[in-house]
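Chains, contacts and geometry: an overview
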Amino acid sequence: MENKDCLFCRIAAGEIPSDKVYEDEQMLAFRDIDPKAPVHVLLIPKAHLSGVRDLTADNSAVVAHIFATVPQIAAKLGVTDYRVLTNNGADAGQTVQHLHFHLLGGRTLGEMG
Ligand code: 5GP
Ligand code: ZN
């Protein structure tokens, strides 16, 4: 485990259970505990990054990897129209300080706020 105080590191390590929909050596996708849409999955790198703020040219390949899994995860969950978003910082709505992308779908999504 990279960070014993980080909720999503603990989920990635299997220390806290989650409803997994996809996993490989670099990332994990699991259902959000408080879904905002019929499909609401969180996609996280297993390696700890606090958010977009931590990304650099040297560590960001995992972001492309995560995005490359989105079509197959969406297909598995039965959605063709969806939104992928990430919040960086408290004013943007970030509550867990481990980089994660929300995959939302299964209903008509409103405009971006
Ligand atoms: P944020 O607000 O940081 O963009 O997104 C954090 C997300 O993590 C929220 O949508 C919240 O519902 C979800 N979340 C918080 N704690 C847990 C948990 O223990 N398990 C799961 N599966 N999701 C969680
Ligand atoms: Zn973490």
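Above: the structure in question.
The following refers to the structure shown. Everything quoted here is computed from the prediction, not taken from an experiment.

Focus: the overall build of the protein chain
The helix and strand tally for the protein chain stands at two helices and five strands. Secondary structure of the protein chain in N-to-C order comes out as α-β-β-β-α-β-β. Relative to its length of 113 residues, the protein chain is compact, with a C-alpha radius of gyration of 13 Å against a globular reference of 13 Å. Each of the 113 residues in the protein chain was classed as buried or not, and the buried ones make up 38%. In the protein chain, the proportion of contacts linking residues at least 24 apart, taken out of those at least 6 apart, comes to 55%.

Considering the coordination of the zinc ion (ligand 2)
Octahedral metal centres with six donors ideally show angles of 90 or 180 degrees, and tetrahedral centres with four donors ideally show 109.5 degrees. Distances from the zinc ion (ligand 2) to its protein donors, Cys6 (SG), Cys9 (SG), His48 (ND1) and His98 (ND1), fall within 2.0 to 2.3 Å. Considering all four donor atoms around the zinc ion (ligand 2), angles at the metal cover 105 to 117 degrees and the coordination shape is tetrahedral. Look at where the donors of the zinc ion (ligand 2) fall in the sequence and you get C-x2-C-x38-H-x49-H. Separated by 92 residues along the polypeptide, Cys6 in the segment before α1 (7-12) and His98 in the loop between β4 (82-85) and β5 (101-105) bring together distant segments of the chain. You can call Cys6 buried: its relative accessible area is 6%. Owing to a relative accessible area of 0%, His98 belongs among the buried residues under this scheme.

Re the pattern of salt bridges
Inspection of the entire model under this criterion finds six salt bridges. One salt-bridge network, in which partners are shared between bridges, spans Lys20, Glu23 and Lys46.

Brief notes about the packing of aromatic side chains
Tallied over the full model, the rule gives two aromatic pairs. Ring plane angle 80 degrees and centroid distance 5.4 Å describe the contact between Phe8 and Phe30, whose orientation is recorded as edge-to-face. With Phe8 in helix α1 and Phe30 in strand β2 (residues 27-31), this residue pair connects regions lying 22 residues apart in the sequence. In this pair, the class of Phe8 matches that of Phe30, namely buried. Note on Phe67 and Phe101: the rings are 5.3 Å apart at their centroids and 80 degrees apart in plane angle, and the pair reads as edge-to-face. In this pair, Phe67 is assigned in helix α2 (residues 61-77) and Phe101 in strand β5, connecting sequence segments 34 residues apart. In this structure Phe101 comes out as buried when scored by relative accessible area, which is 5%.

Thoughts on the pairing of β5
Among the five residues that make up β5, five are buried, leaving the element largely enclosed by the rest of the structure. The two faces of β5 match: Phe101, Leu103 and Gly105 on one face and His102 and Leu104 on the other face are all buried. Taken together, the five bridges between strand β3 (residues 39-45) and β5 define a ladder with antiparallel strand orientation. Residue pairing for β5: Val41 is matched across the bridge by Leu103. Two elements, β4 and β5, share four bridges in a ladder whose sense is antiparallel. Opposite Tyr82, over in β5, you have Gly105 as the bridge partner.

Analysis parameters
- Residues numbered from 1 in each chain as written.
- Chains lettered and ligands numbered in written order.
- Predicted model: local features only at pLDDT ≥ 70, side-chain atom pairs only at ≥ 80, totals over all residues.
- Heavy atoms only, no water.
- Helix = DSSP H or I, 4+ residues; strand = E, 2+ residues; numbered from the N terminus.
- Rg over C-alpha atoms; globule rule 2.2 N^0.38 Å.
- Buried < 20%, exposed > 50% of the residue type's maximum accessible area, 1.4 Å probe, protein only.
- Contact = heavy atoms within 4.5 Å.
- Donors = N, O, S within 2.8 Å, 3.2 Å for Na, K, Ca; no water.
- Tetrahedral: all angles 85-135°; square planar, octahedral: opposite > 155°, others 65-115°.
- Salt bridge = Lys/Arg side-chain N within 4 Å of Asp/Glu carboxyl O.
- Phe/Tyr/Trp six-rings, centres within 6.5 Å; stacked < 30°, edge-to-face > 60°.
- Pairing = 2+ DSSP bridges.

From the geometry alone we can't say anything about function, so treat these as descriptive.
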